[in-house]
Amino acid sequence: MFLAENLFVVRDDRIIFDRVGFSLAPGAALLLLGRNGAGKSTLLRVLAGMRRPDGGRVTWDGEEIFADPVAHTERLAWLSHLDAMKPGLTARENLAFAACIQGGKILSVLERMGLADLADLPVRMFSAGQKRRLALARVMLGGRPLWLLDEPTNGLDAVSVERLTATLATHRAQGGMVIAATHQRLALPCAAVLRLGPE
Amino acid sequence: MTAFLALIGRELRLALRHGADTVAALLFFLVVTALFPLAVGPEPVALGRMAPGIVWVAALLAALLPLERLFGADYEDGSLDLLLLSGLAPALIGVAKATAHWLTTGLPLLLMAAPVAIMLRLPATSLVPLLAGLLLGSLTMSLLGTAGAAIVLGARRAAVLLPILVLPLATPVVIFGAAGAAPAQTPAGRTQALLLEAAFLAFCAAVCPIAAGAGLRAAGE
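Residues numbered from 1 in each chain as written. Chains lettered and ligands numbered in written order. Predicted model: local features only at pLDDT ≥ 70, side-chain atom pairs only at ≥ 80, totals over all residues.

A.B. asks: What should I look at first to understand the overall build of chain B in this one?
C.D. replies: Secondary structure summary: chain B contains 10 helices and zero strands in total. Put simply, chain B runs from its N terminus to its C terminus through helices and strands in the order α-α-α-α-α-α-α-α-α-α. Against the globule reference of 17 Å for 221 residues, chain B gives a C-alpha radius of gyration of 18 Å, in line with a compact fold. The burial tally for chain B puts 47% of its 221 residues in the buried class. (Helix = DSSP H or I, 4+ residues; strand = E, 2+ residues; numbered from the N terminus. Rg over C-alpha atoms; globule rule 2.2 N^0.38 Å. Buried ≥ 20, exposed ≤ 12 C-beta atoms within 10 Å, placed from the backbone.)

Structure (C-alpha cells):
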C-alpha cells in the first residue's frame, strides 16, 4: 500500500500544492491531472523521495519513505519528462546502467517496446518518439513495483500509445502500481484521478 | 559496489565516445605551456626555474575545462535523477565521478606533463618530484572539482562560478606542488612538500565527496 497524506510543498514562498493525499493498492493506478505548473512533476519528485515535502508524509506499507530512502528507490522506476538518454551511446548501452541497478533483460524490454531492431544504433539517430519508447523500456526493466511516469505519452504515435497501454495493464495485472502525470489522454482503466490546482 | 563500478564504466564509455573533451583539455594544456617560452624568452635557466609553476598552473586550468559538463550534462538530460535513484549514496556518485574525471583528464595531463616539462627545460633532477606532486595534485583537483561542479549545479552562470569557487581552494596544491619541484629545492624540502600534498589529498578525499553529495541532492529537488 502506497499512501500519501496531507502533502504540502512550498517553493520560493509560493505554495505549489497543499493537502494532497491518496492511497494506492497493488494493481491500482493514479492519474495526476492539472495545468502546466500545477505541481505534477514536483509531486512525482516527492513520491520518488528526491524532494522532501514541507508537510505531510508518504508511506509504503506503513513505513515512511524518507526513513529508508534506498529501500524506496529499489521499488520504483522513474520516468521524468526528459528521456535521460546519451546521444553518443547505443540503445543497449543507454539501458546498461539501469539494467545493472534494476535487473532484467535489456533485449526483452526493447522487444516489448518495438525497438529490438535498433538496439545497436546510437540514440543520436532516434526520433523523439523512439527515444521516449526507449525511456519507457528502461522503466520496464526488472519489474519494479511502483512506476512514476511524467508525461509518458509525450511524442508517442498511436501504435506506441497502444503498446504503452498494454504494458501498463500487464504491469498492473501483476500487482504493480502506476502513477502517471499527463495532460493527454492515457487509458488507465479504473484509475483514480488526482487533480492539482484549479480546473 | 557493482553499481559504483557500472557508473565509472558508463562515464569512461561516454568519455571515449565524446573524446573531444579530453583532447580539448590536453590541447589547452599544450598551447598554454607553449606560450610561456614565447612570452618570457627561451633562456634555459630562467625558463627551467619557472617550469614547475607553469606546468602546475596550466594543468590546474586544463583540469577545470571538463568540470562544467561533469554533472551539467546529466542535469540537463535528466540522467541525474536516475543516478540519484540508483540506490548509490550521493557521496559515492561524487567519488565515481571524481574517479572518472581523473582517469579521463588528470591521468592524460600527468602523462603529458613530462614532455612539456622537458620542453620548458626543467632540470632532470626535478622531473620525478614534479610528476609525483602532480599525481597527488591531480587527484586532489578531481575531488575539489567534482565537489565544485556539484555545488554550482543548476546555478545561473555555473561555468563562471565554478573556477571562482574551485581555484582558491586549490591554492595549497599549487604552492606545495611547485615548491617541491623547484630546481633549487633540497631533498628534504621535496619530501616535505610531497607529504603536505598527500595530507591535503587525504583531507579532500574525506570532505569533497560529502560536499558533492549534498550538492547533488540539492540539485535533485
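Now, onward.
A.B. asks: Sorry if this is basic, but what is going on with the sheet that holds strand 3 (residues 29–33) of chain A here?
C.D. replies: To summarise the sheet geometry, strands pair through backbone hydrogen bonds and adopt either a parallel or an antiparallel arrangement. Residue and element names in this part refer to chain A. Spatially, 6-7-8-3-9 is the arrangement adopted by the five strands of the open sheet, whose pairing is parallel. The two strands at the open ends of the sheet, each matched to only one other strand, are strand 6 (76–79) and strand 9 (192–195). The average angle at which neighbouring strand axes cross in this sheet is 15 degrees, direction not considered. Taken together, the four bridges between strand 6 and strand 7 (residues 146–150) define a ladder with parallel strand orientation. (Pairing = 2+ DSSP bridges. Axes fitted to C-alpha atoms, helices over the stretch in contact; angles between N-to-C directions.)

A.B. asks: Just to check I follow, could you spell out unusual backbone geometry for this structure?
C.D. replies: Glycine aside, a negative phi is what most residues show, and trans is what most peptide bonds show. Residues and elements named next belong to chain A. Phi angles above zero are rare outside glycine, and Asp-61 is one such case at about 50 degrees. With respect to the helices and strands, Asp-61 occurs in the loop between strand 4 (55–60) and strand 5 (63–64). Positive phi is not limited to glycine here, since Ala-84 has a value of about 55 degrees. Here Ala-84 lies in the loop between strand 6 and helix 3 (91–102).

A.B. asks: Any chance you could explain the environment of Ala179(B) here in plain terms?
C.D. replies: Position of Ala179(B) among the secondary structure elements: in helix 9 (residues 171–181). Once residues lying within four places of it in the same chain are set aside, the contact partners of Ala179(B) are Gln185(B) and Ala193(B). (Contact = placed C-beta atoms within 7 Å.)

A.B. asks: Would you take a moment to explain the pairing of strand 7 of chain A for this structure?
C.D. replies: Regular strands place side chains that alternate from one sheet face to the opposite one. All names here are of chain A. Counting buried positions over the five residues of strand 7 gives four, a clear majority of the element. Pairing of strand 7 with strand 8 (residues 177–181) involves five bridges; the strand directions are parallel. Bridge assignment links Leu-148 to a residue of strand 8, and that residue is Ile-179. In this fold, the crossover linking strand 7 to strand 8 by way of helix 6 (residues 158–173) has right-handed handedness. (Right-handed = clockwise from strand over helix to strand, strands pointing away.)

A.B. asks: Explanation requested: the sheet that holds strand 1 (residues 2–11) of chain A in the structure shown.
C.D. replies: Residues and elements named next belong to chain A. Ordered by their spatial adjacency, four strands build an open sheet running 2-1-4-5, and the pairing between neighbours is antiparallel. Among the strands making up the open sheet, the edge pair consists of strand 2 (14–24) and strand 5. Contacting strand 1, strand 2 and strand 4, helix 1 (residues 40–48) runs over the sheet at an angle of about 125 degrees to strand 1.

A.B. asks: Would you mind showing me how to read the nonpolar core here?
C.D. replies: Nonpolar side chains in soluble globular proteins tend to be buried together. Of all hydrophobic cores here, the largest spans 124 residues; its most connected members are Leu47(A), Ala137(A), Leu148(A), Val178(A), Val55(B), Ala59(B) and Ala113(B). Residue contacts for Val55(B): discarding those within four places in its chain leaves Thr33(B), Ala113(B), Val116(B), Ala117(B) and Leu130(B). (Core = buried A, V, L, I, M, F, W, Y, C linked by C-beta atoms within 7 Å.)

A.B. asks: I'm lost on the interface of chain B and chain A in this one. Help?
C.D. replies: Often the size quoted for an interface is simply the accessible area lost on bringing the parts together. Residue-level contacts link 20 residues of chain B with 21 residues of chain A. Those elements giving two or more residues to the side of chain B that touches chain A turn out to be helix 1 (2–17) and helix 5 (79–84) of chain B. Ranked by residue count, the leading element in the side of chain B that touches chain A is helix 1 of chain B, at eight residues. Split into classes, the residues belonging to the side of chain B that touches chain A amount to seven nonpolar, seven polar and six charged. (Nonpolar A, V, L, I, M, F, W, Y, C, P; charged D, E, K, R; others polar.)

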